[in-house]
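Analysis of the macromolecular model
The chain contents come next:
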Amino acid sequence: MVPAVPLPALESRIMLRAATVSIVHEDAFLAGRDAGRELLEELGEAPSLVVVFASSRYDQAQMLAGLGAALPATTRIAGCSSTAEIDNKEALVGSVTAMGLCLSGAVGCETFRLLAPIDDPYASGRAFGETIKAKNPALLLLFPDGLAMNNAPFLLGLQESLGPQFPIFGGVPGEAALGFVNTYEYEGREAFSGGVSAIALTGPVEVVTAAAAGFQPVGVARTATRVEGGRTIYELDGIPALTLYRQYLGTRANDMPIVGLEFPLGIVGGTIGTQRLPMGEAVSVIRGVNSFDEATLALRCLGEIPQGAQITMTRATKDDLLRAAADAAASALAKMPKPEAVFFFSCAGRKLVLGSRFKEEAEKALSAFSPDVPKIGFYTYGELSPVEGTTMYHDETFTVALLREKP
Amino acid sequence: MSRCASCLLERQDASSLSPEDFQEQLSQCTECPLVSGETAIPAIRLLVQKQRDAARASRKQRNETNKLRTEMEDLRAESHKYEDRVMRLEVLHQTTTQELEAQVALAREQEQTLRALSAPILRLSKGVIALPVIGRVDAARADVMMKNLLAELSERQANSAILDLTGVSEIDGEAANHLLRILSAARLLGAEVLLTGLRGEVARMLVGLDFDPSRFTTLATVEEALRRCMSRARSH
């Protein structure tokens, strides 16, 4: 008599199979090809979906051609360029890092692209959302270009179609050189700039997210009394924003862009889009200061600052930033103790501030999870993660998303 | 599937291929009838499989080397940024130190001027000088007062010194001791010392110390003291 082999308990059965590889190569095509081949070796079969984050130092078209050549045509590919990448073991620079997912019959995936120019981000977001909605998505991984487009109205349009509480997470494509010149989105086997790429997972799949920045508010909160174009603050409490920033930082305020990332602004209250932020002392979202205008005494931020928002100056030590990464990972894990795939999105500004210690950030977050769980992430030009259920654009924040197929 | 027309294992140029290129090309031979299917030759299948494993191991090795190289380049760039930052902080520190040193020097100069002004000696008449004391007397100020008073006593050949304490509303032990030192020093030079404007609080503090009231003349006002000095001068 053949003894019966017990089926694994439902809770312990891994339903969503994934693997992550990272390749560093002088040749862009070979980097992509080797990443594809390694995924096939690791998974033992062709993945349904490959999420790829690659250093912008590679010829993007060549890299995707290599990756595409190694994988069957049925495998969907999406992702974006990055400042640095995170794989199962560490944060690294100059790599092609890819996660292959073998989806079960119940869980499916669709990839989407929106090409430049995007003249009306809100309307485009809304239309894009309608296209995605038609596929009955359960969640959305989003990679919108941050150099060519203001992400806040795009996100708002998207949420208009998909619903304000629809789970959206992801990151704004980055650049290796942090030059704010050109970033890339990938969909299919093609790379493009100024657009949006997205992955929708369909079926019984769930996600939990967490975000933490580690920046602490300093001084009193001030009201953004004059903001133009969504991202340029002219006045706080009627006082020129640059004057206040200089009072706070002294002559160091001239040391842009690093000082604008080291001492970002924190939004502690107000309304972003349709989302009313909780009033209090805690910082809800961070806004890095990109540059200032000496003539108008205005501060230009990386992300949206709505007029009327409550703003504070912030500060953080490197240890505060590292602690925040660990806190975000622990917080997400508490909500989903057995994830099947883990995504990290950390800001390129944090890498800049952490300097040679930037790898410690990923180490802190990675160590929270079992080594068997596949993980991937990248250093972004902005993070997309929910605040009280509604996805928002963040700066200088470490965000975590955990994924699993519903049992 | 039939064998390739130019089988890698039989090609003339195969021996001149680099090991990496040879492994790379051989790893593509998965569909060859010598490797898979019923016609597969176990030895060749094993050889190709092992070559594939070796190719993967070599690829991984190369990848690790590349990662380390890239990481080193990144760390070098970070190190340059760090050095640059430290240099700028050093310049900032130097500038700040210079500014602070200049401020400290100015403060010292002002303090000296203030001390000189805080111990004025008034010549009231021939042989009579007065030292009005206003505010707190610390060790440094007491030294200046004593120095000025003693210098004036000997230079002017004064025989009477009026120490007016009208401007001292309260006094601590340390200040009282300083005053006593001044009085004793003036006495040693042979001058008569007259204390004026002594308030209750100050008197209480002096009595608590080694103050012998019989050694000094105590009067209510400077005017009274001056009158007394004048009358003494006339009687001599």
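Residues numbered from 1 in each chain as written. Chains lettered and ligands numbered in written order. Predicted model: local features only at pLDDT ≥ 70, side-chain atom pairs only at ≥ 80, totals over all residues.

Side note on the overall build of chain A
Counting its regular elements, chain A contains nine helices and 27 strands. In terms of overall dimensions, chain A is globule-like: its C-alpha atoms have a radius of gyration of 21 Å, near the 22 Å expected for 407 residues. Overall, the C-alpha framework of chain A stretches about 85 × 40 × 40 Å when taken along its three principal axes. Here chain A holds 407 residues, and the buried ones make up 56% of them. (Helix = DSSP H or I, 4+ residues; strand = E, 2+ residues; numbered from the N terminus. Rg over C-alpha atoms; globule rule 2.2 N^0.38 Å. Buried ≥ 20, exposed ≤ 12 C-beta atoms within 10 Å, placed from the backbone.)

Things to note about helix H2 (residues 60-70) of chain A
Residues and elements named next belong to chain A. For H2, every residue scored as buried is listed here: Gln 60, Met 63, Leu 64, Gly 66 and Leu 67. Each buried residue of H2 sits inside an arc of 155° when the element is viewed along its axis, so together they form one side. Its buried side turned inward, H2 meets helix H1 (28-43), strand E2 (49-55), strand E3 (76-82), strand E6 (96-102), strand E10 (185-187) and strand E11 (190-192). (Arc of directions from axis to C-beta. Contact = placed C-beta atoms within 7 Å.)

Structural notes on the domain arrangement of chain B
Here chain B is described as being made up of domain 1 (12-63) and domain 2 (119-235). The gap between the C-alpha centroids of domain 1 of chain B and domain 2 of chain B is 109 Å. (Domains from an automatic or database assignment.)

Focus: the environment of Arg52(B)
Summarising the element assignment, Arg52(B) is placed in helix H2 (residues 42-118). Sequence separation between Arg52(B) and Leu26(B) is 26 residues, and the spatial gap between their C-alpha atoms is 7.5 Å.

Re the sheet that holds strand E23 (residues 341-347) of chain A
All names here are of chain A. Taken together, six strands build an open sheet; the order of strands is E5-E4-E24-E23-E27-E13 and the sheet is mixed. If you trace the sheet from one side to the other, it starts and ends with strand E5 (91-92) and strand E13 (205-212), each paired once. Judged from the six bridges that link them, E23 and strand E24 (residues 375-380) form a sheet pairing that is parallel. Looking across to E24, one finds that Cys 347 is bridged to Thr 380. Relative to E13, helix H7 (residues 318-335) is tilted by about 150°, and along the sheet it contacts E13 and strand E27 (398-405). (Pairing = 2+ DSSP bridges. Axes fitted to C-alpha atoms, helices over the stretch in contact; angles between N-to-C directions.)

Observations concerning the confidence of the model for chain A
Of all residues in chain A, 94% attain a pLDDT of 70 or more, and the chain-wide mean is 91. In this model residues 1-13 of chain A is a low-confidence stretch, pLDDT under 50, and it forms three contacts with partners more than four residues away in sequence or in other chains. (pLDDT = per-residue confidence, 0-100.)

A look at unusual backbone geometry
All names here are of chain A. In this model, Ala 116 is joined to Pro 117 through a cis peptide bond whose omega is 0°. Among the structural elements, Pro 117 can be located in the loop between strand E7 (108-114) and helix H3 (121-133). We note that Asp 237 has phi near 55°; this positive angle belongs to a residue other than glycine. Tracing the backbone shows Asp 237 in the loop between strand E15 (232-236) and strand E16 (239-240). With a phi angle near 50°, Glu 396 is a residue other than glycine that sits in the positive phi range. In this structure Glu 396 comes out as buried when scored by C-beta crowding, with 31 C-beta atoms within 10 Å.

Points about the domain arrangement of chain A
All names here are of chain A. What the domain assignment lists for chain A is domain 1 (17-212 + 320-405) and domain 2 (216-315). Placing a centre on the C-alpha atoms of domain 1 and another on those of domain 2 gives a separation of 28 Å. If you look at the interface, domain 1 gives 17 residues, while domain 2 gives 19 residues. When residues of the side of domain 1 that touches domain 2 are traced back to their parent elements, those giving at least two are helix H4 (151-162), helix H8 (348-354) and strand E26 (390-394).

So, the interface of chain A and chain B
The partner chain B presents twelve residues to the ten residues of chain A that form the contact. Along the lines of polarity and charge, the residues of the side of chain A that touches chain B split into four nonpolar, four polar and two charged. (Nonpolar A, V, L, I, M, F, W, Y, C, P; charged D, E, K, R; others polar.)

Some remarks on H4(A)
Within an α-helix, residues lying three or four positions from one another point in the same direction, as the helix has 3.6 residues per turn. All names here are of chain A. Counted at 1.5 Å a residue, the expected span for H4 with its twelve residues is 16 Å, and the 16 Å between its end C-alpha atoms agrees. With respect to burial, H4 is a largely interior element, ten of its twelve residues being buried. Each element contacted by the buried residues of H4 is listed here: H3, strand E8 (137-144), strand E9 (168-171) and E26. At the exit of H4 stands Gly 163, carrying a positive phi of roughly 105°. (Expected span 1.5 Å × (residues − 1).)

Describing the packing of helix H1 (residues 19-26) of chain B against H2(B)
Residues and elements named next belong to chain B. One can describe the packing of H1 onto H2 by two numbers: an axis separation of 9 Å at closest approach and a directional angle of 125°. Classified by the angle their axes make, H1 and H2 are oblique. The way H1 lies across H2 gives a crossing that is left-handed. In contact with Glu 20, Gln 23, Glu 24 and Leu 26 of H1, H2 contributes Val 48, Gln 51, Ala 54, Ala 55 and Ser 58. Tallied by class, residues from the contact of H1 with H2 come to four nonpolar, three polar and two charged. (Parallel < 35°, antiparallel > 145°, perpendicular 65-115°, else oblique. Left-handed = near helix turned anticlockwise from the far one by under 90°.)

Quick look at the pairing of E15(A)
Regular strands show a simple pattern: their side chains alternate between the two faces of the sheet. Residue and element names in this part refer to chain A. Across four bridges, strand E14 (residues 216-228) lies against E15 in antiparallel orientation. For Val 227, the partnering residue across the bridge sits in E15 and is Ile 233. With antiparallel pairing between neighbouring strands as the criterion, E14 and E15 make up a hairpin whose turn holds three residues, including Gly 229 at a positive phi of roughly 65°. The sheet contact formed by E15 and strand E21 (residues 298-301) spans two bridges and is antiparallel. Across the sheet, residue Thr 232 finds its bridge partner in E21, namely Arg 300. As defined by bridge partners, E15 adjoins E16 across two bridges and the pair is classed as antiparallel.

Here's the deal with the nonpolar core
Within the largest apolar cluster, 133 residues are counted, with the highest numbers of intra-cluster contacts made by Val52(A), Ala98(A), Ala328(A) and Val400(A). If one sorts the elements of this core by residue count, H7(A) sits on top with eight residues. Both domain 1 (17-212 + 320-405) and domain 2 (216-315) of chain A contribute no fewer than three residues apiece to this core. Not counting residues within four places of it along the chain, the set of residues in contact with Ala328(A) comprises Ala210(A), Ala211(A), Ala212(A), Ala365(A), Phe398(A), Thr399(A) and Val400(A). Judged by nonpolar contacts, the second largest core, of 34 residues, contains Ala119(B), Ile129(B), Leu163(B) and Val202(B). (Core = buried A, V, L, I, M, F, W, Y, C linked by C-beta atoms within 7 Å.)

Examining the confidence of the model for chain B
Residues and elements named next belong to chain B. Looking at chain B, the pLDDT average stands at 86 and 99% of residues meet or exceed 70. Across chain B, the secondary-structure element scoring lowest on mean pLDDT is helix H5 (residues 200-207), at 81, and the one scoring highest is strand E4 (residues 192-196), at 90. Two summary scores accompany this predicted model of the complex, namely pTM at 0.77 and ipTM at 0.80.

Here's the deal with the sheet that holds strand E5 (residues 217-219) of chain B
Through backbone hydrogen bonds, the strands of a sheet pair up, either in parallel or in antiparallel fashion. Residues and elements named next belong to chain B. The five strands are arranged E1-E2-E3-E4-E5 in an open sheet whose pairing can be described as mixed. The outermost strands of the open sheet, each flanked by one partner alone, are strand E1 (122-125) and E5. Across the sheet, the axes of successive neighbouring strands diverge by a mean angle of 30°, strand direction being ignored. In this structure, E4 lies alongside E5, joined through three bridges in parallel fashion. Across the sheet, residue Leu 195 finds its bridge partner in E5, namely Thr 218. Sheet strands touched by helix H3 (residues 139-156): E1, strand E2 (128-134) and strand E3 (160-167). Its angle to E2, the strand with the most contacts, is close to 170°.

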